[in-house]
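A look at the structure
Single-letter residue listing:
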Amino acid sequence: MTARYDAIVVGLGAMGSSAAFHLASRGQRVLGLEAFGRAHGLGSSGGLSRIIRLAYFEHPDYVPLLREAWRLWRELEAQSGEELLLQTGGLYIGQAGSEVLDGAIRSAREHGLPHEILDAAETMRRFPAFRLDPGIAALHEPMAGVLFPERVIETHLRMAERSGAEIHFDERVSGWGPAPGREPAPGSAPADGAIEVRTDHGTYFGDRLILAAGAWLTQLVPDLGLPLSVERNPLFWFQPVAPELFAPERLPVYLVDTGDETFYGFPMLPGQGAKVARHHDGTPTDPDQLDREVHPADEAPVRRFLEHYLPDANGPTLDARVCMYTNTPDSDFIIDLHPGDPRVVICSPCSGHGFKFSSVVGSIAADLAIDGTTKLPIEFLSLRRFRTA
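Predicted, not measured: the structure shown is a model, and the values here were computed from it.

A few words on helix H3 (residues 99-110). For H3, which comprises 12 residues, the first-to-last C-alpha distance of 16 Å matches the rise-based estimate of 16 Å (1.5 Å per residue) to within 8%. Where H3 is concerned, the buried positions are Val 100, Leu 101, Gly 103, Ala 104, Ile 105, Ser 107 and Ala 108. Looking at the buried residues of H3, the elements they touch are helix H2 (63-80), strand S5 (90-95), strand S6 (116-119), strand S7 (136-141), strand S14 (253-257) and strand S15 (262-265). Two residues or fewer after H3 comes Gly 112, characterised by a positive phi angle close to 65°.

What follows is the structure in structure tokens.
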């Protein structure tokens, strides 16, 4: 017997697992399809820790979404009993005029976010892990911290299943489209007016479809010709030589704009060491041909950064992994209805800064699937900006 679902979600990483949860919690009959295993690390959603911050250097338009995301993270913690967000504060460092510093200041001031501007000497006094040159400044905000991505995804999946969602893993979608107009076979669900989703295991029908496939999105919407690029980004964990300086109560999450590159990092977390990585500047890749081996050339720029800015973090390498960014030309997200079929919601890619939003993106995806609209401000994330005449 072929079931018909209110909504089918393709991709169960950060955005898809959240969408499945929000849909199921609103009483929708949900099918979630994932090409890989449960809470896998093969896409853009792993890495043990992710930053959440409100003084958003990328653009002030993200701040209302971040406020709602923060509320939803705390709500999910209360519902699930899991610790998902560790508040540490955030530190955004650069020369005056740098993208990270000036962008964070702009967002903080425009939205009235609590923050302080610190010069280099005060930053080093309060956060002695850093070594900063004169002329460097920092914005410090209290509303920032660490999300635990594997735990987040598993919690969204578990809560979706608790609300009745049907979840399939190791099942790759090969295509989708309007279901063929036909009379249903005896005992099967009607396909009329439905969307047909084809996988390597079978065919499913749904009233709505949510595409949250990240780096694999272009394979599912080739008709849109989206100008997306996939980038390989290595992540590193180090054993600091002075670990007491890297405890969460002494070091917030941080981003540093060196003028040539941007790096981000975390305090030491239990069993992890101190995580540091370069933000962007990775090599172009194909998601199905990604080089997952970490090479000395990947580590070299991170080591140079540590030598200059965080010398006490420059100890032995504890771990290294590779993830992917899927980038739009303007580095903003895509959250919109498919222009050729308003029953289809697209909620990826996120250009390497999306995980922190996944709680609210899942809620928005549910709004769009159920109502065709949302009250949250997502106009600047529309597909229209990529359409050509």
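Let us now look at the packing of aromatic side chains. All chains considered together, the criterion is met by 12 aromatic pairs. Plain terms: the ring middles of Tyr 62 and Phe 380 are 4.9 Å apart, the flat faces sit at 85° to each other, and that makes the pair edge-to-face. One end of the pair, Tyr 62, is in the loop between strand S3 (50-53) and H2; the other, Phe 380, is in the segment after helix H8 (358-371), and 318 residues separate them in sequence. The exposure classification of Tyr 62 matches that of Phe 380, with both residues buried. Here Phe 263 and Phe 305 contribute two aromatic rings whose centre-to-centre distance is 4.4 Å and whose plane-to-plane angle is 10°, an arrangement assigned as stacked. Note that Phe 263 is positioned in strand S15 and Phe 305 in helix H7 (residues 296-309), a separation of 42 residues in sequence. When its relative accessible area of 1% is taken as the criterion, Phe 263 is described as buried. Looking at Phe 305, the relative accessible area reads 3%, which means it is buried. Site record: aromatic cluster; members linked through ring pairs are Tyr 56, Tyr 62, Phe 333, Phe 357 and Phe 380.

Estimates place the volume of the largest pocket at around 860 Å³. Looking at the lining of the largest pocket, the elements that each hand over two or more residues are helix H1 (14-25), S3, strand S10 (173-178), helix H6 (217-220) and strand S18 (317-327). In terms of residue count, S18 provides more of the lining of the largest pocket than any other element does, 4 residues in total. Classifying every residue of the lining of the largest pocket by side-chain character gives 26 nonpolar, 17 polar and 7 charged. Its boundaries defined by the atoms lining it, the second largest pocket holds a volume of some 200 Å³. Lining the second largest pocket, in full, are Phe 57, Glu 58, Glu 99, Thr 262, His 279, His 280, Asp 330, Ser 331, Asp 332, Ser 351 and His 353.

Parameters and conventions
Residues numbered from 1 in each chain as written. Predicted model: local features only at pLDDT ≥ 70, side-chain atom pairs only at ≥ 80, totals over all residues. Heavy atoms only, no water. Helix = DSSP H or I, 4+ residues; strand = E, 2+ residues; numbered from the N terminus. Expected span 1.5 Å × (residues − 1). Buried < 20%, exposed > 50% of the residue type's maximum accessible area, 1.4 Å probe, protein only. Contact = heavy atoms within 4.5 Å. Phe/Tyr/Trp six-rings, centres within 6.5 Å; stacked < 30°, edge-to-face > 60°. 1 Å grid on protein atoms, 1.4 Å probe; cavity = no way out; pocket = protein on both sides within 12 Å on 5 of 7 lines; lining within 4 Å. Points joined across faces, edges and corners; volume = space filled by probe spheres on them. Nonpolar A, V, L, I, M, F, W, Y, C, P; charged D, E, K, R; others polar.

Geometry only, nothing functional implied.
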